[in-house]
Amino acid sequence: MALSRVDSKQKKSKKPRSFLKIALFTFLGVLIVAGSVVGYMINQIMGVTSSAQQDLERGDRSEYREEVVNPDIDPVSVLFLGLDTRDGDLSGRTDAMVLVTFNPDEGTVKMLNIPRDTRVDIAGRYEQDKINHAHAFGGMDMTLDTVEQFLDIPVDYFVSLNFDAFMEIVDELNGIKIDSPMTFTETDNATYGTITIQEGEQIVNGEKALAYVRMRKHDPQGDIGRGERQKEVIASIINEMATFSSITNFNSLMDTVERNLNTNATFNNIVSMHSYASELDNIESLSYDGTAITDNGIYYYQPDEQSVAETSKRLQQHLEIIEETESDYASAPDSEDKEDEEQEEEEEQSEPVH
């Protein structure tokens, strides 16, 4: 059933929080470049986006939309996928999955990290499995259908990127700066073998950058720590791509993107969203709760239905599919108010009974 937009719009506050994932950096980097270069470079970017185009079975709009959206005036959503593949292969399972919504009226961006082991109903297969398996089972169409069904929102655009592009782009930028919170060793025999990252600030090449953002087992914060490292690397790449001096190997950079990226966004779509590049420090991070479970020896992240419903509602509001009401603000007190309430309760309980 298609979802319609509402006429009445209410302004929502921005929260300066960021939580970025692998696939996002190339798209936002192109947003910056597309909005700042002319002539030859624009022609190159137009060629890349044309070559990277992938048509979907559904056509040019989501079944959750009544009309084709226009990023200039409509809130839109983009699904970013980091693929665990190499050598130009854009099939297989997804290693990172991020759903981002953009609202032009507010100039705001919301981002939802979708844990790759989330157990969901896979669209068209009538069974539950890890959400990152949808891409291997049925490509981008099944992936988008599964995410839309899971979150009950339209997914207007997608950007998929594999490991080769990540490593090659970092190398084309002559490395990026990181500040590792710890020393650790990461192994991936299919990609970079065994790599040791030392604690502290350093310049790393593409292989080390990929090892840095993928490591999870040795981080005491688990996926949270992994997300913080990915955010750091994304910011470093974006900063490098935003400076003209860092893209002297522009042709090689564009060739890498062309060979390793697929999208249904056109060049005009990308230019329309260029203004959001300035909001990198104001991205609001969303998440949903879940429980780690093991079924028949297989690990899953079992999402909490109520938490998913609440997250879905916030995304629907940001996409202006439904209205945001005063009760939404009242039902979500800020952390300081919550801490004050908890402290008052503790004080009342500690008072002597007369």
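**Student:** What is the right way to look at the overall build of the protein in this model?
**Tutor:** When its secondary structure is counted, the protein shows 11 helices and 14 strands. Within the protein, the proportion of its 354 residues that are buried is 51%. Here the protein displays about 17,100 Å² of accessible surface, and carbon together with sulfur accounts for 44% of that area.

**Student:** Any chance you could explain unusual backbone geometry here in plain terms?
**Tutor:** Leaving glycine out, the prevailing phi sign among residues is negative, and the prevailing peptide bond configuration is trans. For Asp 152, which is not glycine, the phi dihedral falls at a positive 60 degrees. Assignment of secondary structure puts Asp 152 in the loop between α3 (134–151) and β6 (157–162). On the basis of relative accessible area, Asp 152 is assigned to the partly exposed category, the value being 34%.

**Student:** In this structure, what is going on with the pattern of salt bridges? I would like to understand it.
**Tutor:** Once the charged atoms of two side chains with opposite charge are near each other, the side chains can pair. This structure, assessed with the given rule, holds 9 salt bridges. Arg 125 is the salt-bridge partner of Glu 127, the closest N and O atoms lying 3.0 Å from each other. Taking the relative accessible area as the measure of exposure, Arg 125 reaches 33% and is therefore partly exposed. Across the salt bridge formed by Arg 214 and Asp 188, the nearest N and O atoms sit 2.5 Å from each other. Of this pair, Arg 214 sits in helix α5 (residues 206–214) while Asp 188 sits in strand β8 (residues 184–188), placing them 26 residues apart in sequence. Under the relative-accessibility criterion, Asp 188 is labelled buried at 13%.

**Student:** How should I be thinking about α3 in this particular structure?
**Tutor:** Residues spaced three or four apart along an α-helix point in a common direction, a consequence of the helix completing one turn every 3.6 residues. Here α3 contains 18 residues, and its C-alpha end-to-end distance of 15 Å is more than 12% below the 26 Å for a straight helix at 1.5 Å per residue. Maximum bend of α3: about 105 degrees, positioned at Met 140. Along α3, the positions that sit buried rather than exposed are Ala 134, His 135, Met 140, Asp 141, Met 142, Thr 143, Leu 144, Thr 146, Val 147, Glu 148, Phe 150 and Leu 151. Taken from the residues just after α3, Asp 152 is the one with a positive phi, measuring 60 degrees.

**Student:** In this structure, what is going on with the sheet that holds strand β1 (residues 76–83)? I would like to understand it.
**Tutor:** Strands in a sheet are paired, the pairing made by backbone hydrogen bonds, and the direction either parallel or antiparallel. Reading across the sheet, the 6 strands line up as β11-β6-β1-β2-β3-β12 and stay open at both edges, with mixed pairing between neighbours. Only two strands of the sheet have a single neighbouring strand rather than two, namely β11 (261–263) and β12 (283–286). The average angle at which neighbouring strand axes cross in this sheet is 20 degrees, direction not considered. Judged from the 6 bridges that link them, strand β2 (residues 94–103) and strand β3 (residues 108–113) form a sheet pairing that is antiparallel. Bridging from a neighbouring strand, Val 98 pairs with Asn 113 of β3.

**Student:** Just to check I follow, could you spell out α5 for this structure?
**Tutor:** Of all 9 residues in α5, 7 are buried; the element is thus mostly enclosed. The set of residues buried in α5 consists of Gly 206, Ala 209, Leu 210, Ala 211, Tyr 212, Val 213 and Arg 214. With a side-chain oxygen positioned 3.3 Å from the backbone nitrogen of Glu 207, the residue opening α5 is Asn 205.

**Student:** Looking at this model, I keep getting lost on the nonpolar core. Mind explaining?
**Tutor:** Side chains that are nonpolar tend, in soluble globular proteins, to be buried together. Phe 102, Phe 166, Ile 176 and Val 233 are the most contacted members of the largest nonpolar core, which has 44 residues in total. Counting residues per element, this core draws most heavily on helix α4 (residues 163–172), at 6 residues. In this view, Phe 102 contacts Asp 74, Pro 75, Val 76, Val 78, Thr 108, Val 109, Met 273, Tyr 276 and His 318; residues no more than four positions away in its chain are not counted. Membership of the second largest hydrophobic core comes to 28 residues, among which are Phe 150, Ile 153, Val 155 and Tyr 288.

**Student:** For this particular structure, what's the right way to read the packing of aromatic side chains?
**Tutor:** Two descriptors summarise a pair of aromatic rings, namely the distance from one centre to the other and the angle between the planes of the rings. Inspection of the entire model under this criterion finds 3 aromatic pairs. Arranged with centres 5.5 Å apart and planes meeting at 80 degrees, the rings of Phe 150 and Tyr 288 form a pair that is edge-to-face. Note that Phe 150 is positioned in helix α3 and Tyr 288 in the loop between β12 and β13 (290–295), a separation of 138 residues in sequence. Here Phe 150 matches Tyr 288 in class, with each residue buried. Relative to Tyr 212, the ring of Phe 184 has its centre 6.3 Å away and its plane inclined at 20 degrees; by these criteria the two rings are stacked. Placement of the pair is Phe 184 in strand β8 and Tyr 212 in helix α5, with a sequence separation of 28 residues.

Rules used throughout
Residues numbered from 1 in each chain as written. Predicted model: local features only at pLDDT ≥ 70, side-chain atom pairs only at ≥ 80, totals over all residues. Heavy atoms only, no water. Helix = DSSP H or I, 4+ residues; strand = E, 2+ residues; numbered from the N terminus. Buried < 20%, exposed > 50% of the residue type's maximum accessible area, 1.4 Å probe, protein only. Areas by Shrake-Rupley, 256 points an atom, 1.4 Å probe, with all protein chains shown as cover. Salt bridge = Lys/Arg side-chain N within 4 Å of Asp/Glu carboxyl O. Expected span 1.5 Å × (residues − 1). Bend = angle between axes of the 7 residues up to and from the residue. Pairing = 2+ DSSP bridges. Axes fitted to C-alpha atoms, helices over the stretch in contact; angles between N-to-C directions. Polar contact = N/O pair within 3.5 Å; in protein donor to acceptor, adjacent residues only side chain to side chain. Core = buried A, V, L, I, M, F, W, Y, C linked by side-chain atoms within 4.5 Å. Contact = heavy atoms within 4.5 Å. Phe/Tyr/Trp six-rings, centres within 6.5 Å; stacked < 30°, edge-to-face > 60°.

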